[in-house]
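# Structure assessment
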Amino acid sequence: MTSVRERPWVRFGLQRLGGLLLSFAVLVAVTFVIVPLIPGDPAVAVAGLEADGAEIARIRQELGLDQPLHVQFLDYVGGLLTLDLGTSFASGQDVATVILARLPFTAELALFAITLVLVISVPAGMFVAFLTHGGRRPWLDHLFNVVTSLVYAVPQYVMATMLVVVFAVGLGWFPAAGAETVSSLVLPTLALMLLPTCVVSRVVRRETAVVLDQDYIRTARGWRIGRLRLFGRYVLPNVITTTLTLSGLILAAQLGGAVVIETVFAFPGLGQGIVEAILSRDYPVIRGTILVLGLMATLILVVVDVILAVIDPRSMEDDHG
């Protein structure tokens, strides 16, 4: 009978499932513990500043905040096991309903951003590596390093503010806030993609330069293989593994970066929603949003691992080894 060790895909799947469950458990514990550390009383936020002590005590009891912390945690976990994220303190809606209303906006923004990152950074990095290979065109190599370093050094919220000032306020080309039209996506997407584009293009350039120095590339050139075929058949497959790994990490990070970007542009996604929930001390919405964002980031990394395993099955053995 074949053991699990002799079935790489079974072992790979069990490892990733175990990692996913562990990440979920950590997320649940962390989100429950850190949220009450937010300054302010949710009962006061719900009741209003003019409410008396009796009214605040009544609301705290209704919200379950008068229960011991371990009882609240068990209720929280019990709800999660039945796919119940709780009820919003502020609106009285199911947290799942609140999240599902905002999730498409964040997903759309992150998807557009990572697509543009890959479409721009991979060809750009390979193109610069090819043109500067062997010490040629040092000015281009220097220009590429300077531009990507400068853009990378600018924090995303500063970049977002600059884009608003120049293209929304100054030139009036795009809306400064909201998500009513397709053009409303342009500035948030740019703000979210510029930094990772610089990172990925620099990594692709470095990896391409390493591949171009390999013996089999010199041999392929000796066979007079065309440039497009050379890059498509020999260079790209060897660069794509590192690129996909880095892109998965960046896409996962984009979900966190969306919090800042959506706040700057008043974009109605999960990022803007969690800021509003923090201001109103809406514990269930805060916990549910962080949990969903964390699970999405973890799933993205798992999907990238699966794609890499399909492209190069040796990666499964590397993980095991």
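Residues numbered from 1 in each chain as written. Predicted model: local features only at pLDDT ≥ 70, side-chain atom pairs only at ≥ 80, totals over all residues. Heavy atoms only, no water.

## Description of the overall build of the protein
How we decide: Labels follow the DSSP assignment, with helices taken as runs of H or I lasting at least four residues and strands as runs of E lasting at least two, numbered in each case from the N terminus. Whether a residue is buried, partly exposed or exposed follows from its accessible area with a 1.4 Å probe, protein chains only, as a fraction of its type maximum: under 20%, in between, or over 50%, in that order. Contact between two residues is taken to exist if any of their heavy atoms lie within 4.5 Å; hydrogens are not considered. For the accessible areas, the method is Shrake-Rupley and the probe is 1.4 Å, while residue cover comes only from the protein chains on display.
Across its full length, the protein carries 13 helices and zero strands. Burial analysis of the protein (321 residues in total) assigns 39% to the buried set. In the protein, of all internal contacts separated by at least 6 residues, the share reaching a separation of at least 24 is 72%. Here the protein displays about 17400 Å² of accessible surface, and carbon together with sulfur accounts for 68% of that area.

## Here's the deal with a nonpolar patch on the surface
Just so we agree on the cut-off: Patch membership is restricted to residues that have no salt bridge and whose relative accessible area is over 30%. Joining uses 9 Å for like charges and 5 Å for the nonpolar side chains Val, Leu, Ile, Met, Phe, Trp and Tyr. Salt bridges, as used here, are contacts in which a Lys or Arg side-chain nitrogen is within 4 Å of a carboxyl oxygen on Asp or Glu.
Side chains of Leu-22, Val-26, Val-30, Val-33, Ile-34 and Leu-37 sit close together on the surface and give an oily, nonpolar patch of about 560 Å² of accessible area. In this fold, Val-30 is placed in helix H1 (residues 8–34). Residue Val-30 is classed as partly exposed on the basis of its relative accessible area of 39%.

## Details of the side chain of Gln-72
Assignment of secondary structure puts Gln-72 in helix H4 (residues 69–81). Not counting chain neighbours up to four residues away, the residues in contact with Gln-72 comprise Phe-32, Gly-64, Leu-65 and Gln-67.

## Some points on the nonpolar core
Worth spelling out the cut-off: For our purposes a nonpolar core is just a set of buried Ala, Val, Leu, Ile, Met, Phe, Trp, Tyr and Cys residues, chained together by side-chain atoms within 4.5 Å.
With 27 residues, the main nonpolar core has Tyr-76, Leu-80, Leu-85, Ile-99, Leu-255, Ile-286 and Leu-291 as its most contacted residues. Counting residues per element, this core draws most heavily on helix H12 (residues 283–311), at eight residues. Every residue in contact with Ile-286, bar those within four places of it in the chain, is listed here: Val-35, Ile-38, Ile-274, Ala-277 and Ile-278.

## What about the packing of helix H5 (residues 95–132) against helix H8 (residues 186–212)?
Our working definition: For helices, the axis comes from a line fit to the C-alpha atoms of the stretch in contact; other axes are also lines fit to C-alpha atoms, and the angle between any two N-to-C directions lies between 0 and 180 degrees. Each helix crossing is assigned a hand: it is left-handed if the near helix lies turned anticlockwise from the far helix by less than a right angle, otherwise right-handed if that turn is clockwise. Asp, Glu, Lys and Arg are counted as charged, while Ala, Val, Leu, Ile, Met, Phe, Trp, Tyr, Cys and Pro are counted as nonpolar; the rest, among them Gly, fall into the polar class.
Here H5 crosses H8 at 35°, and the two axes come no closer than 6 Å. The two elements H5 and H8 cross, and the hand of that crossing is right-handed. Its residues assigned to classes, the contact of H5 with H8 comprises 20 nonpolar, seven polar and one charged.

## Brief notes about the UniProt feature "transmembrane region" (unreviewed entry) in the protein
Put simply, the rule reads: UniProt positions are given in the numbering used here, feature names are shortened, and annotations may be inferred rather than shown by experiment.
When the UniProt feature table is mapped onto this chain, "transmembrane region" (unreviewed entry) is found at residues 20–38, 109–131, 143–173, 185–204, 234–253, 259–279 and 291–311. Across residues 20–38, the secondary structure splits into 79% helix and 0% strand, with the terminal C-alpha atoms separated by 27 Å. What you have in residues 143–173 is 84% helix and 0% strand, and the ends, taken at the C-alpha atoms, are 28 Å apart.

## Overview of the packing of aromatic side chains
To keep it simple, the criterion reads: Each pair of aromatic rings taken from Phe, Tyr and Trp, with Trp reduced to its six-membered ring, is defined by centres within 6.5 Å and is described as stacked if the planes are under 30 degrees apart, edge-to-face if over 60, and tilted in the remaining cases. Consider the ring centre and the ring normal. A charge sits over the ring if Lys NZ or Arg CZ is within 6 Å of that centre and within 35 degrees of that normal.
All told, the structure shown has five aromatic pairs when counted by the stated rule. Between Phe-32 and Phe-73, the aromatic rings sit 5.1 Å apart at their centres with planes inclined by 70°, giving edge-to-face as the arrangement. One end of the pair, Phe-32, is in helix H1; the other, Phe-73, is in helix H4, and 41 residues separate them in sequence. In this structure Phe-32 comes out as buried when scored by relative accessible area, which is 4%. Among the aromatic side chains, those forming a connected cluster through ring pairs are Phe-32, Phe-73 and Tyr-76. The ring of Phe-130 has Arg-136 sitting right over it, with the charged end atom 5.7 Å from the ring centre.

## Details of the packing of H5 against helix H11 (residues 270–279)
Each packed pair of helices is defined by two parameters, the angle between the axes and the distance between the axes. Just so we agree on the cut-off: To sort the angles, those under 35 degrees are grouped as roughly parallel, those over 145 as roughly antiparallel, those from 65 to 115 as roughly perpendicular, and the leftovers as oblique.
For the pair H5 and H11, the least separation of the axes is 8 Å and the interaxial angle reads 135°. Between H5 and H11, the angle falls in the class oblique. Residues Ile-99, Arg-102, Leu-103 and Thr-106 of H5 form the contact with H11, whose participating residues are Leu-270, Gly-271, Gln-272, Gly-273 and Glu-276. Classifying every residue of the contact of H5 with H11 by side-chain character gives three nonpolar, four polar and two charged.

## Some details on helix H6 (residues 138–153)
Condition: Each helix should span, by expectation, one fewer than its residue count multiplied by 1.5 Å.
Over its 16 residues, H6 extends 22 Å from the first C-alpha to the last, a length consistent with the 22 Å expected when each residue adds 1.5 Å. Elements in contact with the buried residues of H6: H5 and H8.

## Some details on the pattern of salt bridges
Inspection of the entire model under this criterion finds two salt bridges. We note a salt bridge from Glu-276 to Arg-102, for which the minimum N-O separation is 2.9 Å. Of this pair, Glu-276 sits in helix H11 while Arg-102 sits in helix H5, and the two are 174 residues apart along the sequence. The exposure class of Arg-102 is buried, given its relative accessible area of 19%. A salt bridge links Asp-141 to Arg-205, with the shortest nitrogen-to-oxygen separation between them at 2.1 Å. Placement of Asp-141 in helix H6 and of Arg-205 in helix H8 is noted, with a sequence separation of 64 residues between them. The class of Arg-205 is buried, set by a relative accessible area of 19%.

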